[in-house]
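Reading the structure
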Amino acid sequence: MDLIDTFFNGRVLWESLPLLLMGLGTTLTLGILSIVLGLVGGLVLALLRLYGPPALSGLWVLYIDLFRAIPILVLLVIVYYALPFVGLRLSPFASATTALSLVSAAYSAEILRAGIQAIPRGQFEASQALGLSYWSMMGDIVLPQAVRIVIPPMTSNCINVMKDTALASVVAMPDLLKQATQAQALAANPTPLIGAAAMYVLLLLPMVRAVGTLEKHFARERR
Amino acid sequence: MQGNDMQAGQSGSGRPTPSARPIISIRGLRKMYGSFCALSGIDLDVAEGEVVVLLGPSGSGKSTLIRCINLLETYDAGTVVVDEVAVRPGPNLAAVRSEVGMVFQSFNLFPHMTVLRNVALAPIRVRKLAPKAAEDRAMELLTRVGIAEQAGKFPGQLSGGQQQRVAIARALAMEPRILLFDEPTSALDPEMVGEVLDVMQSLARTGVTMLVVTHEMGFARRVADRVIFMERGQIVEEAKPDAFFSAPREERARAFLQAVLNH
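Residues numbered from 1 in each chain as written. Chains lettered and ligands numbered in written order. Predicted model: local features only at pLDDT ≥ 70, side-chain atom pairs only at ≥ 80, totals over all residues. Heavy atoms only, no water.

1. Regarding the UniProt feature "domain: ABC transporter" (unreviewed entry) in chain B
This chain's UniProt record puts "domain: ABC transporter" (unreviewed entry) on residues 24-257 of chain B. Secondary structure content for residues 24-257 of chain B is 38% helix and 26% strand, while the C-alpha to C-alpha distance between its ends is 27 Å. (UniProt positions renumbered as here; feature names shortened; annotations may be inferred. Helix = DSSP H or I, 4+ residues; strand = E, 2+ residues; numbered from the N terminus.)

Here it is in structure tokens:
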């Protein structure tokens, strides 16, 4: 009975619910925005790396490797606490979006590059032989096929970005985790933390499940 | 069978005689793969409407040669001129390519699109045809190659022979003046070779210029205006098919024919 009152206290949960839901909204906004920016950046990076001027390709590789190697928390702390020293002062939300997007773009670029490279050369040759423009070749032929290949790993990456939004609580951003710790302090009871954990799981479990289903689906589709 | 609808309008007078003007003109074409010489100084003129079959052992440079004509393969020296336009990288390349259709050994159909969309896409994107008009035209072409009833399927649902006929229709949709065939029947099961060769033979009668890399000797003999025998990146012998198959001049051509005909 004591255990339930401590961790699963209905009254505390009810009272902290508005705070948790506000946090959930912030988390979703941050996550979705970072995912979209990361996808756009990743597509640009992947195309530059594959088809951009060869002289610059080292630069894109360096970016992609660097931002996959650096821990997001370290990057976030640098963006939030170090950049003000050079006059760049970002809000907690902007700092978190920047850090998450920069890293997500690097991972997305690698996933997309692998997807594009998995398209047989004959598809490019057939497009070229028909006289299709570069953009039509990519937009009509290559990317639609690459997308099918990259959907499962891309979904995994989105899950990671969503999870990593919790790091933003370190820079005092009122995300789900931050709101939960605040509610916990207010109520002197850890139930809000459990509530936040449940919300993360409810949000991400379907996505995790979808990765598996999609992988099976696409494995069957490929002749 | 399918060939008959294609001849309609030509009143059975056979294939138009090739004109003298070369539609393809190749001079001094050289291509290296590292230290391996794939093409060593090829000179070749092809007249408009001519059907040229390229024969030779594998690795002799036949495929490389026709892939240089639409610049799927870059080359180290020489010139390729198609319809008086030099084929080189740059803004004109796509225009030249759209005049030169190509049929590949492995079909290279777009697997994520229906058969109809495969055929209609390039006219929509390159020729700026209205989608409806392009699809009507695609349907005509699919009828011509005898697979209109498959228009709504995806390439993966078709047999190899059917896929290759779709690929031919896709190339025809751009109304090219030149068609390149890169071993179009080599990836097919034997019982499907005939249906593809039939389509190609009826195409040859329409006056389109054709360059065909193949190992189908019967096709070469029946359909070619000229046979070109290549070995080690060089043109060893050029002749009318009758002359080539009955009495090849070059020893290497004789040896090749003996090897492919007596097995």
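2. Some words on the layout of surface pockets
All names here are of chain A. As a volume, the second largest pocket reaches approximately 170 Å³. Leu39, Leu43, Leu112, Leu143, Val147, Val150, Ile151, Met154, Thr155 and Cys158 are the residues that line the second largest pocket. Only helix H2 (10-51) and helix H7 (134-164) provide two or more residues apiece to the lining of the second largest pocket. Broken down by element, the lining of the second largest pocket gets its largest block of residues, seven residues, from H7. Class assignment of the residues belonging to the lining of the second largest pocket gives a composition of nine nonpolar, one polar and no charged. (1 Å grid on protein atoms, 1.4 Å probe; cavity = no way out; pocket = protein on both sides within 12 Å on 5 of 7 lines; lining within 4 Å. Points joined across faces, edges and corners; volume = space filled by probe spheres on them. Nonpolar A, V, L, I, M, F, W, Y, C, P; charged D, E, K, R; others polar.)

3. Focus: the interface of chain A and chain B
Contacts between the two partners involve 17 residues from chain A and, on the opposite side, 21 residues from chain B. Both faces considered, chain A and chain B share a buried interface measuring about 1,600 Å² in area, 63% of it formed by carbon and sulfur atoms. It is Ala129(A), Leu130(A) and Asp140(A) in chain A that bury the most area against chain B; as a group they hold 34% of the surface buried on that side. Viewed at the interface, chain B and chain A are joined by two salt bridges. Close ionic contact of Arg67(B) with Glu125(A) constitutes a salt bridge, the shortest N to O distance being 2.7 Å. Counting every contact that joins chain A to chain B gives six residue pairs in polar contact (both at pLDDT 80 or more). Elements with a contribution of two residues or more to the side of chain A that touches chain B: helix H6 (121-129) and H7 of chain A. The greatest single-element share of the side of chain A that touches chain B, amounting to eight residues, is contributed by H6(A). (Contact = heavy atoms within 4.5 Å. Buried area = accessible area lost by both parts, 1.4 Å probe. Salt bridge = Lys/Arg side-chain N within 4 Å of Asp/Glu carboxyl O. Polar contact = N/O pair within 3.5 Å; in protein donor to acceptor, adjacent residues only side chain to side chain.)

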